[in-house]
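# What the coordinates show
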Amino acid sequence: MKLCMIRFAVCCLAVLLLFNAAGITAAAAEDYGDIGGHWAEKTLRRALEDGYLVGSEGLLRPDAPITGAEAVTILTRVISGPDAGTAEATDLSDAADLSSDDWYYMAAAKAVAMGILAPENGRLQLEEALSRERAFLMLANAFQLAAAGQEDAVLSPYTDSGRLTGRMRAATAALADGGHIQGYGDALHTYKSITRAEFMSVLYSIVPHIQTGARTAPGDGNALFTGVSRLYDTAYPGWVFLGGGAADVSLYEVEAPAVVIRSDRLDTLQAGFSKIGRLVIAAAGGDVSFNPGMTNELPVVAVGDGAGRVTLSGRFDQVEITGSNRTVILDARVNKLRVSGSGNTVRLGDDAQVSELTVYPEGANNTIELNGTTIESCTLYGPGTVISGRGLVKALTDNAQGSDITAPFGQRTVNKDYGLGGVEVTLTAPDTLPPDRALEAAVTVTAPQAGKACHGAWYLDGRYIDGTDLVLGDEQTLTVSIDVPRTADVPVSAELTFVLSHTGADGIRHALTAAKTVTVEPQPVYTAQEVLSLVTTGYRGDYTLAWAEENDYTPQLKEAFVNVKGYTSKTQYLVWVSIAYQRVNIFSGSAGNWKLEKCFIVGTGAPGSATPTGVFQIFNRHTRGWTTKEYTVRPVINFINYAYGFHSRLYYPNSSELRDSRIGFPVSHGCIRMYDEDVNWMYDNLPDGTTVVVY
């Protein structure tokens, strides 16, 4: 949705960036009335000083959603410095929602070239409010934080993390593992919009130190340098990012947990006598060759996002290809080669040797070309992997769907049913959800072989709804019923998602996702007169349980009824027994503000012994129940007098064998017949003095 306020803020940001580029000072924090006392006040003041945020009409609007256009403009400006817009960019003719006249066009093109974002279904969606999950992906891509085979155990405490898959999951895990993001409650709320204050807070957490034309090591934390090509004789406490015009990079006597090269282009790269835990080559352009020599300690060298050909020679312990659509030439001896990006071409030269090659599930459609190369062990998970050429793969484990192996191999193990291979997930849900109806949906899971332990989870607009463990069989159907939040005026769209996940013995997580967008019609707003005309007493059904299961008042109408009637209760609960639809409805709250909490199918008094209507209250209960020579019911909760109560269905006397299981229509001698678990809940939770309305 293109909100006017957001568009206005976007335009203001564009103007500010132009002003700052021209050397005009941004407004001071004191010019804005909504900064003082804000939880992110320090961050907001810095963002103003750095020229990344601007407000209007005396307000910075820190709690307004940030748009994708604002985010990519900020990120490319941070990484490339003041001249971000003049750097190499990529063609965006396939992005249908982007015009060369858009103020953020150059930033968008630069961001695509750097792999910060990519078109989805021909759209970049930059004028829309940015969700937290898309922001997490952009930030992790911008600073190349995710490793191949990124550990994701840090996400397990969050109920909504199960819907994150592929690069989105790896990005979120990398940010959480670095302490840059955290959830609240038991969720990350990845489906929600991220605010301007939140985005800048995460950004400054990743790069608390940003310098232009300097390379001074900070006392702690990560540092980003623009306009710097040479690092030497320095130990850095955190990650080091090199951006801007660092085309010829040299690293001598450098110690750092990681060095990430995010320059506009990279032509040469040299290193000597350095100890760098992770070296990431991820420039936006340029062809570069790198040989680590014998004097460096570089446990991991990664080819990340960006463009240009990368040639590696020499010896490497671990090489990762985390970027996508890269061309990597290996004339090297590599202990471990790990690929998690997609669409890459990896050419192994005559002298190349690889001990272990792993292509991860998120790495799709990669091509590995052998030219006399020997690979000792190769494990494929990524779909569409191609291995061609001459050479030898001594031991090949092919778990990948759609793989094409034409290179010579020795021992080969093929398991196309690995993970969730061959499993199909089909989601069925209505196109439109009428008013007064819950969203009823089903998913059918079909598996080629039985026995795999999985977890299925439902999400609505990214919010976790329900989940269950299951063991795959030939075909299984899972259902869900959701009370969808509604507006009172216009239809809205809701995205229903089902995620089936499986973690193999090797610890690798696999997931299949099925989703559908449902149009939710608005909830009518009832007047008091309408409520009283819609809610009536007297049974409406056909004396079957099936009818009761399919028919009922909506939760909204139930709440409107008890509130319009002005019912009060001596406790925090109110009970309404609906004769029309054979329901016990339990509300919590107080007079005029009752909220529906529970709803149980029941059986009220049959014709000739109807349950009396009126307003009563609970005054007695006992677990021993009532026993006659014909039946036992227990427990009993009295609410009219000692002759009337809520109780179980009828059992044979003093036994646990049902004598009369009928329910869902008028069937009793006047009491309220209930399922055991429902009446037990009432017995345990509803105090004496609770009002009972029978109508």
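Since the structure is predicted, the reported quantities are computational estimates derived from the model, not experimental observations.

What follows covers the overall build of the chain. When its secondary structure is counted, the chain shows 11 helices and 40 strands. Seen through its principal axes, the chain has C-alpha atoms that stretch 95 × 70 × 45 Å. When the 695 residues of the chain are sorted by exposure, 51% land in the buried category. Excluding contacts between residues fewer than 6 apart, the proportion of contacts in the chain whose partners are at least 24 apart in sequence is 47%. For the chain, the accessible area works out to roughly 29200 Å², and carbon and sulfur atoms hold 48% of it. If you average the places of the 54 positive and of the 77 negative side-chain charges in the chain, the two averages end up 4 Å apart.

The next subject is the sheet that holds strand 20 (residues 424-428). The three strands are arranged 20-22-25 in an open sheet whose pairing can be described as antiparallel. Bordering the open sheet on either side are strand 20 and strand 25 (475-482), each of which pairs with just one other strand. Between one strand axis and the next, the sheet turns through 15° on average, direction left out of account. Across eight bridges, the pairing between strand 22 (residues 439-446) and strand 25 is antiparallel. Paired with Thr 444 across the bridge in strand 25 is Thr 477.

With that settled, the discussion passes to the nonpolar core. Within soluble globular proteins, side chains that are nonpolar generally end up buried alongside one another. Residues Phe 143 and Phe 199 are the most contacted members of the largest nonpolar core, which totals 70 residues. Of all elements in the fold, only helix 2 (41-50), helix 3 (68-80), helix 4 (105-114), helix 5 (132-143), helix 6 (166-177) and helix 7 (196-206) reach the threshold of two or more residues within this core. Among the elements that take part in this core, helix 5 stands out by supplying eight residues, more than any other. When neighbours within four sequence positions are excluded, Phe 199 is seen to be in contact with Ile 66, Ala 71, Ile 74, Leu 75, Leu 130, Ala 135, Leu 139 and Ile 194. The next biggest cluster of nonpolar side chains, apart from the first, holds 54 residues, and it includes Ile 321, Leu 348, Ile 375 and Ile 405.

Okay, the sheet that holds strand 32 (residues 620-622) next. Read across the sheet, nine strands follow the order 31-40-28-29-30-39-36-35-32 without closing on themselves; strand pairing throughout is mixed. Among the strands making up the open sheet, the edge pair consists of strand 31 (614-617) and strand 32. In this sheet, neighbouring strand axes are inclined to one another by 25° on average, regardless of whether the strands run parallel or antiparallel. Pairing of strand 30 (residues 595-603) with strand 39 (residues 672-674), which is carried by two bridges, proceeds in the antiparallel orientation. By the bridge assignment, Gly 603 is partnered in strand 39 with Arg 673.

The grouping of Tyr 232, Tyr 252 and Phe 273 at the surface amounts to a nonpolar patch, some 330 Å² of accessible area in total. Locating Tyr 252 in the fold gives a position in strand 5 (residues 248-256).

A separate point is the layout of surface pockets. The space that makes up the largest pocket amounts to roughly 2200 Å³. Elements supplying a minimum of two residues to the lining of the largest pocket: helix 4, helix 5, helix 6, strand 26 (492-503) and strand 27 (509-520). Here the residues of the lining of the largest pocket sort into 19 nonpolar, 18 polar and 13 charged. The volume enclosed by the second largest pocket comes to roughly 1200 Å³. Around the second largest pocket, the lining comprises 46 residues; the ones closest to its centre are His 502, Ile 508, Arg 509, His 510 and Ala 511. Elements that contribute at least two residues to the lining of the second largest pocket include exactly helix 6, strand 23 (453-460), strand 26 and strand 27.

The subject of this paragraph is the state of the cysteines. Enumeration according to the criterion identifies zero disulfides in this entry. Free of any disulfide, Cys 599 has its nearest cysteine sulfur in Cys 671, 20 Å distant. The exposure class assigned to Cys 671 is buried, which follows from its relative accessible area of 8%.

Attention now goes to the environment of Tyr 644. Positionally, Tyr 644 belongs in the loop between strand 35 (636-638) and strand 36 (645-648). Spatially, the C-alpha atoms of Tyr 644 and Trp 626 are 11 Å apart, while their sequence positions differ by 18 residues. With residues up to four places along the chain from it excluded, the contact list for Tyr 644 reads Pro 612, Trp 626, Ile 637, Asn 638, Phe 639, Gly 670 and Cys 671.

Turning next to unusual backbone geometry. In this chain, Arg 634 is followed by Pro 635 through a cis amide linkage whose omega measures -5°. Of note, Pro 635 is situated in the loop between strand 34 (632-633) and strand 35. For Asn 121, which is not glycine, the phi dihedral falls at a positive 55°. Mapped onto the fold, Asn 121 is located in the loop between helix 4 and helix 5.

Taking burial as the measure, the 10 residues of helix 4 include nine buried ones, the bulk of the element. Of all the residues in helix 4, the buried ones are Tyr 105, Ala 107, Ala 108, Ala 109, Lys 110, Ala 111, Val 112, Ala 113 and Met 114. Against helix 3 lie the buried residues of helix 4. In the stretch just after helix 4, Gly 115 is the one whose phi turns positive, near 80°.

Our focus in this paragraph is empty space enclosed by the protein. Counting across every chain of the model gives three cavities of 30 Å³ or more. The calculated volume of the largest cavity comes to roughly 160 Å³. Along its surface, the largest cavity is lined by 15 residues, and Ala 146, Arg 167, Ala 170, Thr 322 and Ser 340 are the ones closest to its centre. If you list the elements that add at least two residues to the lining of the largest cavity, you get helix 5 and helix 6. Residues of the lining of the largest cavity, tallied by class, amount to seven nonpolar, five polar and three charged.

Now for the side chain of Ser 588. Relative to the elements of secondary structure, Ser 588 occurs in strand 29 (residues 583-588). Among the polar contacts made by the side chain of Ser 588, one reaches the side chain of Glu 597 at a distance of 3.0 Å. Aside from chain neighbours lying at most four places away, what touches Ser 588 is Gln 572, Tyr 573, Asn 593, Trp 594, Lys 595 and Glu 597.

This model, assessed by the stated rule, comprises 22 salt bridges. Of the charged contacts, one joins Arg 583 and Asp 552 as a salt bridge, the two residues approaching to 3.4 Å between their closest N and O atoms. Of this pair, Arg 583 sits in strand 29 while Asp 552 sits in the loop between helix 9 (545-550) and helix 10 (555-564); the two residues are 31 residues apart in sequence, bridging distant segments of the chain. Arg 583 gets classed as buried once you look at its relative accessible area, which sits at 6%.

Parameters and conventions
- Residues numbered from 1 in each chain as written.
- Predicted model: local features only at pLDDT ≥ 70, side-chain atom pairs only at ≥ 80, totals over all residues.
- Heavy atoms only, no water.
- Helix = DSSP H or I, 4+ residues; strand = E, 2+ residues; numbered from the N terminus.
- Buried < 20%, exposed > 50% of the residue type's maximum accessible area, 1.4 Å probe, protein only.
- Contact = heavy atoms within 4.5 Å.
- Areas by Shrake-Rupley, 256 points an atom, 1.4 Å probe, with all protein chains shown as cover.
- Lys, Arg positive; Asp, Glu negative; His and termini not counted.
- Charge placed at Lys NZ, Arg CZ, Asp CG, Glu CD.
- Pairing = 2+ DSSP bridges.
- Axes fitted to C-alpha atoms, helices over the stretch in contact; angles between N-to-C directions.
- Core = buried A, V, L, I, M, F, W, Y, C linked by side-chain atoms within 4.5 Å.
- Patch = residues over 30% accessible without salt bridge, like charges linked within 9 Å, V, L, I, M, F, W, Y side chains within 5 Å.
- Salt bridge = Lys/Arg side-chain N within 4 Å of Asp/Glu carboxyl O.
- 1 Å grid on protein atoms, 1.4 Å probe; cavity = no way out; pocket = protein on both sides within 12 Å on 5 of 7 lines; lining within 4 Å.
- Points joined across faces, edges and corners; volume = space filled by probe spheres on them.
- Nonpolar A, V, L, I, M, F, W, Y, C, P; charged D, E, K, R; others polar.
- Disulfide = S-S within 2.5 Å.
- Polar contact = N/O pair within 3.5 Å; in protein donor to acceptor, adjacent residues only side chain to side chain.

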